Amino acid sequence: MTQNTPSPHPALAPGPWGLPFLGVLPKLAREPLGFLVHMAHQYGDVVRLPFGRSEAYLISHPDDVRQVLVTNYRSYKRSELYDKMKPLLGEGLITSDGDFWQRQRRMMQPAFHKQRVISFTGMMVESIQRMLERWEKAEQRAEPLDMLAEMMRITQTIITRTMFSAGLDEATVDAVGQAVTVGQATAEQRFWSLVVFPDAIPTPQNRRFQRAVRTIDRIVHGLIDERRRSGEDKGDLLSMLLAATDETDGKGMTQRQLRDELVTIYLAGHETTSVALTWAWYLLSLHTDVARKVQAEVDEVLQGRVPTYEDLEKLRYVHQVVEETLRLYPPAWLLSRTALQDDVLSGYRIPAGAAVLLCPYVVHRHPRYWENPLGFDPDRFQPQQVEARHRHVYFPFGTGPHLCIGNRMSLMEAQLVLAMVVQRYRLDLVVDQRVVPHPQISLKPEGAVRMTLHRRSPPARAS
Ligand code: HEM
């Protein structure tokens, strides 16, 4: 029988025993990455994991990734893990499903059209220039910078300006940033918790969370109201979403939907990109041969100028560095779905109601698909090599109808940040620290990633 051909008696997938009532949840919560990698290697393409009274199936064959996310996606819905973000995000694109999601996606898609994204290049370049100016003080004082914090700050600035043009003062940007951080910390704490106190119970954490949500609501609703009153089209995401109507009924989004989508885009649109960039700096500092190739390409293409959109096509190697970073450290490291009906994956039965776990971190490092899987080798993303691989062994942005709506934007942003920083500096990791991944909602490094700035010689010409 061929792969994925339904069988009348599909087998029960292999997997470990777990503890009574808890299954493998404690192991998964303690060391998620190591545990999932180990499971896939020990048991194969489909692993049955007891999860308390329910069960989950870890899948790592690219045909199965395609079946769940693309060809048979209607047989699955987003799993309960996504629901844990609902108190913060509401019913935005990341947390919604079915017809509601589809309608929202249709209305939002034009805002992420290629030409729209290209129109953000100038704003991105200007924001990165300001960051580099700010870094000069740290350079002069030879002070290390926390690259995770720096990358978070630049991606926050860029997403805020994408959504609301330049019309936000620093205090508002900071207030939203802080409130979202608190909201996200709560969601992350709930992500792995076996016991979650309902919002109505006034634990200190719940109270902090509700305060944060009130702050976000006040600011975001205020911005929407102000824009409605002025009626001005600023060409930013807020104006686009306010004007968007659905082709089937001609209606636009309600105030609540607008709020949910804006908060979703804010969160999804900066955290993942900042984490990817931080890992890129880390990897480049460890692989000086790759870093030197990046420098050579940037110097040759840009000749000391600031980049334009047209340059990005020529900065091929920089693009490959971003892709290879997303392979080794995929910020969205775990996707999950719930089966709505029985399915068969790699010959194994997936019963309705079970969770299916798709872990890009596991598949991206699988020795069956990647030679020297732990090596950092951006040449894997040369076009001939990409062509030769199964399309679904690499899915940092997901795939199918739920494919990341911001993938083009984030790749462009990452390429611009890398090129403009490399043009001016070499970044070295401070030696007395261990950089390890800390998988939460995204695959962040644990704690700060301190790096020192070294002005490149001869200094790049300022434009
Ligand atoms: C390196 C950066 C990024 C990574 C790795 C990433 C990853 C992903 C992944 C894996 C999904 C699919 C989730 C699933 O199928 O369950 C997704 C969906 C999504 N992403 Fe991204 N993302 C990135 C940047 C962005 C940016 C910049 C934005 C917005 C400006 C964004 C907005 C979204 C939204 C709204 C969805 C939900 C799409 C839908 O279901 O219709 N992401 N992202």
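Notes on the structure in this doc start here. These numbers come from a predicted model, not from an experiment.

**A word on the overall build of the protein**
Logical step 1: Secondary structure assignment for the protein yields 19 helices and 12 strands.
Logical step 2: Its C-alpha atoms give the protein a radius of gyration of 23 Å, within 12% of the compact-globule value 23 Å for 463 residues.
Logical step 3: In terms of overall dimensions, the protein has C-alpha extents of about 70 × 55 × 45 Å along its principal axes.
Logical step 4: By the burial criterion, 39% of the 463 residues in the protein qualify as buried.
Logical step 5: Here the contacts in the protein between residues at least 6 apart in sequence split such that 76% fall between residues at least 24 apart.

**Observations concerning helix α8 (residues 121–140)**
Logical step 1: Taking 1.5 Å per residue as the helical rise, α8 with its 20 residues ought to reach 28 Å, and the 29 Å between its terminal C-alpha atoms agrees with that figure.
Logical step 2: At Arg134, α8 shows its largest kink, close to 25 degrees.
Logical step 3: Along α8, the residues that are buried comprise Met124, Ser127 and Ile128.
Logical step 4: Looking at the buried side of α8, the elements it contacts are α9 (147–164) and α19 (407–424).

**Here we look at the nonpolar core**
Logical step 1: Counting residues in each nonpolar core, the largest one holds 115 residues, and the members touching the most others are Tyr57, Leu58, Val356, Cys359 and Leu418.
Logical step 2: The greatest single-element share of this core, amounting to 15 residues, is contributed by helix α13 (residues 255–286).
Logical step 3: Excluding residues within four positions of it along the chain, Leu58 makes contact with Leu36, Met39, Ala40, Val47, Leu49, Leu357 and Cys359.

**Re the pairing of strand β5 (residues 335–339)**
Logical step 1: Burial along β5 is one-sided: Leu335, Arg337 and Ala339 are buried, while Ser336 and Thr338, pointing the other way, are not.
Logical step 2: Where strand β3 (residues 76–78) and β5 come together, 3 bridges link them in antiparallel fashion. Each bridged residue has a counterpart across the sheet, and for Tyr76 the counterpart in β5 is Ala339.
Logical step 3: Two elements, β5 and strand β8 (residues 355–358), share 4 bridges in a ladder whose sense is antiparallel. Note that in β8 the partner of Thr338 across the bridge is Ala355.

**Some thoughts on the sheet that holds strand β9 (residues 425–429)**
Sheet strands line up and pair through hydrogen bonds in the backbone, either parallel or antiparallel.
Logical step 1: Pairing in this open sheet of 3 strands is antiparallel, and the strands run β4-β12-β9 from one edge to the other. The sheet is open, and its two edges are formed by β4 (145–146) and β9, each paired on a single side.
Logical step 2: The pairing of β9 with strand β12 (residues 450–455) spans 5 bridges and is classified as antiparallel. The partner of Tyr425 across the bridge, within β12, is Arg455.
Logical step 3: The strands that α8 touches are β4 and β12; relative to β12, the one it contacts most, it runs at about 95 degrees.
Logical step 4: On top of the sheet, α13 reaches β9 and β12; it is set at about 85 degrees to β9, its chief contact.

**Topic: the packing of helix α11 (residues 204–230) against α13**
Logical step 1: The N-to-C vectors of α11 and α13 enclose an angle of 115 degrees; their axes lie 10 Å apart at closest approach. Overall, the two elements α11 and α13 adopt an arrangement that is roughly perpendicular. The way α11 lies across α13 gives a crossing that is right-handed. The segment α11 lies against α13, with Ile216, Asp217, Val220, His221 and Ile224 engaging Gln255, Leu258, Arg259, Leu262 and Val263.

**Some remarks on the site of the ligand**
Logical step 1: The ligand sits among 22 residues. The nearest are Gly269, Thr272, Gly398, Cys404 and Gly406.
Logical step 2: At the level of elements, α13 and α19 are the ones that each hand at least two residues to the shell around the ligand.
Logical step 3: Tallying contributions element by element places α13 first for the shell around the ligand, with 7 residues.
Logical step 4: Taken together, the residues of the shell around the ligand break down into 13 nonpolar, 8 polar and 1 charged.

**Digging into α11**
Logical step 1: Between the first and last C-alpha of α11 there are 39 Å, a value that for 27 residues agrees with the 39 Å anticipated at 1.5 Å per step.
Logical step 2: Among the residues of α11, Phe209, Ala212, Val213, Ile216, Val220, Leu223 and Arg227 are the ones counted as buried.
Logical step 3: In the stretch just after α11, Gly231 is the one whose phi turns positive, near 65 degrees.

**Brief notes about the environment of Glu310**
Logical step 1: If you trace the backbone, Glu310 turns up in helix α15 (residues 309–314).
Logical step 2: Residue classification places Glu310 among the exposed positions, given that 10 C-beta atoms sit within 10 Å.
Logical step 3: Residues Glu310 and Ile118, spaced 192 residues apart in sequence, show a C-alpha to C-alpha distance of 9.7 Å.

**Topic: the sheet that holds β3**
Logical step 1: As summarised here, the arrangement of the 5 strands in space is β1-β2-β8-β5-β3, forming an open sheet in which the pairing is mixed. Looking at the sheet topology across the chains shown, the edges are occupied by β1 (46–51) and β3. Adjacent strand axes in the sheet meet at a mean angle of 30 degrees when their direction is disregarded.
Logical step 2: Summarising the sheet, β1 and strand β2 (residues 54–59) pair through 6 bridges and their orientation is antiparallel. The residue bridging Arg48 from the neighbouring strand is Tyr57, located in β2.
Logical step 3: Lying on the sheet, helix α2 (residues 32–43) is in contact with β1 and β2; it crosses β1 at an angle near 130 degrees.

Parameters and conventions
Throughout, residues of each chain are indexed from 1 in the direction in which the sequence is written. Selection of residues for local features in this predicted model requires a pLDDT of at least 70, selection of side-chain atom pairs for listing and counting requires 80 or more, and totals for whole chains, interfaces and linings are taken over all residues. Starting at the N terminus, helices and strands are each numbered in turn, a helix being any DSSP run of H or I of at least four residues and a strand any DSSP run of E of at least two. Radius of gyration here uses only the C-alpha atoms, and the compact-globule reference equals 2.2 Å multiplied by the residue count raised to the power 0.38. Whether a residue is buried, exposed or partly exposed follows from its count of other C-beta atoms within 10 Å of its own C-beta, namely 20 or more, 12 or fewer, or something in between, respectively; the C-beta atoms are built from the backbone. Note on contacts: each residue gets a C-beta atom placed from the backbone, and two residues are in contact if those atoms are within 7 Å. A helix is expected to reach a length of 1.5 Å times the quantity of its residues less one. To get the bend at a residue, fit one axis to the 7 residues ending there and another to the 7 starting there, then take the angle between the axes. What we call a nonpolar core is a set of buried Ala, Val, Leu, Ile, Met, Phe, Trp, Tyr and Cys residues whose membership is set by joining through C-beta atoms within 7 Å. Note on pairing: DSSP must find at least two bridges between two strands before they are called paired. Lines are fitted to the C-alpha atoms to define the axes, a helix being fitted only along its stretch in contact, and any angle between axes, read from their N-to-C directions, falls within 0 to 180 degrees. Geometric relationships in this document are graded by angle, where less than 35 degrees denotes roughly parallel, more than 145 denotes roughly antiparallel, 65 to 115 denotes roughly perpendicular, and other angles denote oblique. In a left-handed crossing the near helix is turned counterclockwise from the far helix by less than a right angle, and in a right-handed crossing that turn is clockwise. For each residue, a C-beta position is placed from the backbone atoms; the residue is near a molecule or strand when that point lies within 6 Å of it. Polarity classes work like this: nonpolar for Ala, Val, Leu, Ile, Met, Phe, Trp, Tyr, Cys and Pro, charged for Asp, Glu, Lys and Arg, and polar for all others, with Gly in that last group.

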